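The lines below spell out each chain.
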Amino acid sequence: MTLYGLVRRALRRRRREGLALALGVALGTGLVVALLVLRADLEQRTARAVAPLVVGAPGSPLQMVLSELLFVDEPAGRIPRTVLAELRAHPSTRVALPVARGDAFHGYPVVATEPSVTDGTWASLREGRVFAPAAREVVVGAAVARALDLRPDDRVELGHGREEAAHAEPELWLVVGVLAPTGGAVDRALFIGLEAFYGVPDHRAVVAREGESLTAVWLVPKAGMHHALLTGALRGRQDLTVAEAEVELGRLRRVMGRVDRLVLGLAGLSLLVALLGVAVSQHQAARSRRRELALLRAIGAGRRFVYGLVLAETAWICAVGATLGLALGHALVWIGGTWFEAQIGFRPELGWNHESVLVAVAVIVTGTLAGALAARGVYGLDVPAALDDA
Amino acid sequence: MRVRVEGAEVVRGSRRLFVDRWNVPAGARRCLAGESGSGKTTALHLLSGLLAPERGRVEVGDVCVSALGEGDRDAFRARSVGYVFQDFNLLPGLSAQENVALPSSLAGQAPAVARRRATELLERLGLDGSRSVTQLSRGERQRVAVARALAARPGLLLADEPTASLDPVRRDQVLDALFSLAEGATLVLVSHDPAVQARFDERDDAADLFRWEPT
């Protein structure tokens, strides 16, 4: 009978208590892991904006970045398509791309733009070809293709989604290409031609009434001072808003960081309470098992062996709790994915998150140390006195 | 293994136990008799190394137990001492065989060897090793405890009132088991039961050997 065998038997005898302790640890770990996975996903989504500058209708620059570059908010307004020519003519502009958002397909935004969206500046094709400007053709982002199992020659009904009610008849569009993954918002969008977008019956009426419009223009300035020159020139316009992606995302991260730390702190607190529970329980278990532990000493077990036995039990409980917590955290994100999608427009993706693994390891180490402190009386056990205990 | 105690003093609670001189020859079967609280159990703890004397010498075989540190006393106990308690003290989560094999494992024997030795001892006692100790009768449990004490082939076997809670039939079975399995080990058995004492040729009286004084 090895130390492992004794630990296994001891835990089997205390299986209800051990399971309850492990579940407590799992719950605390799961909450922390879920938050870390979500945070990593959000950071990944906001890490790389499609373009350094975006120009749109007057309003909040942050909202414009969220809606037009990250696709996690609704467009705030529209600007005339003629603005595009102005921006392209500006001496500081290197590239400008028109964008018209509106429809959604299974929660993924449909973005009307020009075929140059696949020229490598914003995205590249992985397979197929780019859409023709006026044809009912669509190029899908890598994440959309993966999630909806779309490939060239498939047909999709772009009337579905948030604006389904606006369309009386289904519109079948041909998938002609799939984009290579970029790690950014482009992966989660579908792209169609602007002329095709304006040609949709409902849109035609609006165009006839108000003229061709865009929700934004993505801008890449020339190198050097041109970024400042371009933003300076556009900031003077009353009819436009220019947003610098890095500035707005930095602001967003600062706000998110505070909330993030608060929520993580609360989850960490629940984890701490669970670990404290393990320590208290191990302390009580060590007290109630004094006679049994003394017996082991009497038949030849060293005090390090007996102490190791109690430590190994604690480590095992924490390890089971931490492992369950890792699974629970990811499960929470997966189960909550639909809710997130409905609330903030995207479904968090589960991926490898080394912080989660570090949390799990930290839980095992901290829990074991807490148990070690709580059960330290075992080390100095008065064996004859404990054997005399009735 | 011979046992020799000289001028040993140990404090328990508010009292100090003195053992001026006590010798047990190697291979002897010695009954230690005496009233409750006369120091019998404390004396066994001294011999086993569970207690270290503040003064004096405790020798078992060639080992001066009183000069060993705690870790070495643990190792000495695992290697050289078998202990039978009054109330069995078997580990409840383990089978009879696992209980018996435990001291051998703690003494460093390979698990397979320890299991084989346990099975052999239990078979000699007519016990089924696969049964949980909670399923055994009191007499069977104490015989398992005897087998456990002898599993690591100790040179010194200590038994503290091993038959106190048993009826006469089971008492004799346990004593038979002790005598048949001891195989040359020195046996020191504590008992105040005259029927048990009668089974021994040699007897020590705690009142003659030990003396308690307040600290």
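Residues numbered from 1 in each chain as written. Chains lettered and ligands numbered in written order. Predicted model: local features only at pLDDT ≥ 70, side-chain atom pairs only at ≥ 80, totals over all residues. Heavy atoms only, no water.

Let's talk about the overall build of chain A
Helix and strand counts for chain A come out as 14 helices and 12 strands. Its C-alpha atoms give chain A a radius of gyration of 30 Å, more than 25% over the compact-globule value 21 Å for 390 residues. Referenced to the eigenvectors of the C-alpha coordinate spread, the extents of chain A come out at roughly 95 × 45 × 30 Å. For chain A, buried positions account for 49% of its 390 residues. Counting only contacts in chain A whose residues sit at least 6 apart along the sequence, the fraction spanning at least 24 positions is 78%. When the accessible surface of chain A is summed, it comes to about 17,800 Å², and 62% of that surface belongs to carbon and sulfur atoms. Of the charged side chains in chain A, 42 are positive and 38 negative; the average position of the first set lies 13 Å away from that of the second. (Helix = DSSP H or I, 4+ residues; strand = E, 2+ residues; numbered from the N terminus. Rg over C-alpha atoms; globule rule 2.2 N^0.38 Å. Buried < 20%, exposed > 50% of the residue type's maximum accessible area, 1.4 Å probe, protein only. Contact = heavy atoms within 4.5 Å. Areas by Shrake-Rupley, 256 points an atom, 1.4 Å probe, with all protein chains shown as cover. Lys, Arg positive; Asp, Glu negative; His and termini not counted. Charge placed at Lys NZ, Arg CZ, Asp CG, Glu CD.)

With respect to the confidence of the model for chain B
Overall, the predicted model of chain B reaches an average pLDDT of 89, with 100% of residues at or above 70. No element of chain B has a lower mean pLDDT than helix H6 (residues 168–181) of chain B, which averages 85, and none a higher one than strand S5 (residues 63–64) of chain B, which averages 94. (pLDDT = per-residue confidence, 0-100.)

Here we look at helix H4 (residues 111–124) of chain B
Helix length check: H4 of chain B, at 14 residues, gives a terminal C-alpha distance of 20 Å against a target of 20 Å (1.5 Å per residue), a fit within 8%. Trailing H4 of chain B by a residue or two, glycine 126 of chain B shows a phi angle of about 70°, which is positive. (Expected span 1.5 Å × (residues − 1).)

Section: the nonpolar core
By size, the foremost hydrophobic cluster in this structure holds 73 residues, and its most contacted members are Leu296 of chain A together with Trp22 and Phe210 of chain B. One finds Ile79, Ala112, Leu158 and Leu230 of chain A within the second-largest nonpolar core, a separate group that totals 37 residues. (Core = buried A, V, L, I, M, F, W, Y, C linked by side-chain atoms within 4.5 Å.)

Let's talk about the sheet that holds strand S3 (residues 29–33) of chain B
Residues and elements named next belong to chain B. An order of S6-S7-S8-S3-S9 is seen for the 5 strands of this open sheet, with the pairing classed as parallel. Since the sheet does not close on itself, it has two edges, and those belong to strand S6 (81–84) and strand S9 (202–205), each with one partner. For this sheet, the mean angle separating the axes of adjacent strands, direction not counted, is 20°. When S3 meets strand S8 (residues 186–190), the two strands line up parallel, connected through 4 bridges. Within the sheet, the bridge partner assigned to arginine 30 lies in S8 and is valine 188. Sheet strands touched by helix H2 (residues 70–80): S6 and strand S7 (156–160). Its angle to S6, the strand with the most contacts, is close to 80°. On top of the sheet, H6 reaches S3, S6, S7 and S8; it is set at about 160° to S8, its chief contact. (Pairing = 2+ DSSP bridges. Axes fitted to C-alpha atoms, helices over the stretch in contact; angles between N-to-C directions.)

Details of the pairing of S7 of chain B
Burial analysis of S7 of chain B places 5 of its 5 residues in the buried class, the great majority of the element. Each parallel crossover has a hand, and for S7 of chain B linked through H6 of chain B to S8 of chain B it is right-handed. (Right-handed = clockwise from strand over helix to strand, strands pointing away.)

A look at the environment of arginine 16 of chain B
Residue and element names in this part refer to chain B. Turning to its location among the elements, arginine 16 is positioned in strand S2 (residues 15–24). In sequence terms arginine 16 and tyrosine 83 are 67 residues apart; their C-alpha atoms lie 24 Å from each other. Setting aside residues no more than four positions away along its own chain, arginine 16 makes contact with Glu9, Val10, Val11, Glu54, Arg55, Arg211, Trp212, Glu213 and Thr215. One polar contact links arginine 16 to glutamate 9, side chain to side chain, over a distance of 3.3 Å. (Polar contact = N/O pair within 3.5 Å; in protein donor to acceptor, adjacent residues only side chain to side chain.)

Considerations on helix H13 (residues 354–374) of chain A
Residues three or four positions apart in an α-helix share a direction because the helix packs 3.6 residues into each turn. In a regular helix each residue adds 1.5 Å, so 21 residues correspond to 30 Å; H13 of chain A covers 30 Å between its end C-alpha atoms and thus fits that length. Those residues of H13 of chain A lying buried are Ser356, Val359, Ala360, Val363, Gly367, Thr368, Gly371, Ala372 and Ala374 of chain A.

Examining the domain arrangement of chain A
Here chain A is partitioned into domain 1 (3–45 + 252–388) and domain 2 (58–239). Computed over C-alpha atoms, the centres of domain 1 of chain A and domain 2 of chain A are 47 Å apart. (Domains from an automatic or database assignment.)

Re the packing of aromatic side chains
The final tally for this structure, using the stated rule, is 7 aromatic pairs over all chains. Consider the rings of tyrosine 83 of chain B and phenylalanine 85 of chain B, whose centres lie 4.7 Å apart with planes at 10°: the pair is stacked. Overall, phenylalanine 85 of chain B belongs to the buried group, its relative accessible area being 5%. An aromatic cluster of three or more residues is present, and its members are Phe71, Trp122 and Trp218 of chain A. Geometry around tryptophan 212 of chain B places arginine 15 of chain B over its ring, the cationic atom sitting 4.1 Å from the centre. For the cation-ring pair, arginine 211 of chain B lies above phenylalanine 18 of chain B, with the distance from its terminal atom to the ring centre recorded as 4.4 Å. (Phe/Tyr/Trp six-rings, centres within 6.5 Å; stacked < 30°, edge-to-face > 60°. Lys NZ or Arg CZ within 6 Å of the ring centre and 35° of its normal.)

Description of a nonpolar patch on the surface
Residue and element names in this part refer to chain A. A grouping of Val259, Leu262, Val263, Leu266, Leu269 and Leu272 is seen on the molecular surface, where their side chains present a nonpolar patch of about 570 Å² in accessible area. With respect to the element layout, leucine 262 can be found in helix H9 (residues 245–288). Exposure remark for leucine 262: the relative accessible area of 56% places this residue in the exposed category. (Patch = residues over 30% accessible without salt bridge, like charges linked within 9 Å, V, L, I, M, F, W, Y side chains within 5 Å. Salt bridge = Lys/Arg side-chain N within 4 Å of Asp/Glu carboxyl O.)

Topic: a positive patch on the surface
A grouping of Arg8, Arg12, Arg15 and Arg16 of chain A is seen on the molecular surface, where their side chains present a positively charged patch. Of all the elements in the fold, those that place two or more residues in the positive patch are helix H1 (3–13) and helix H2 (15–47) of chain A.

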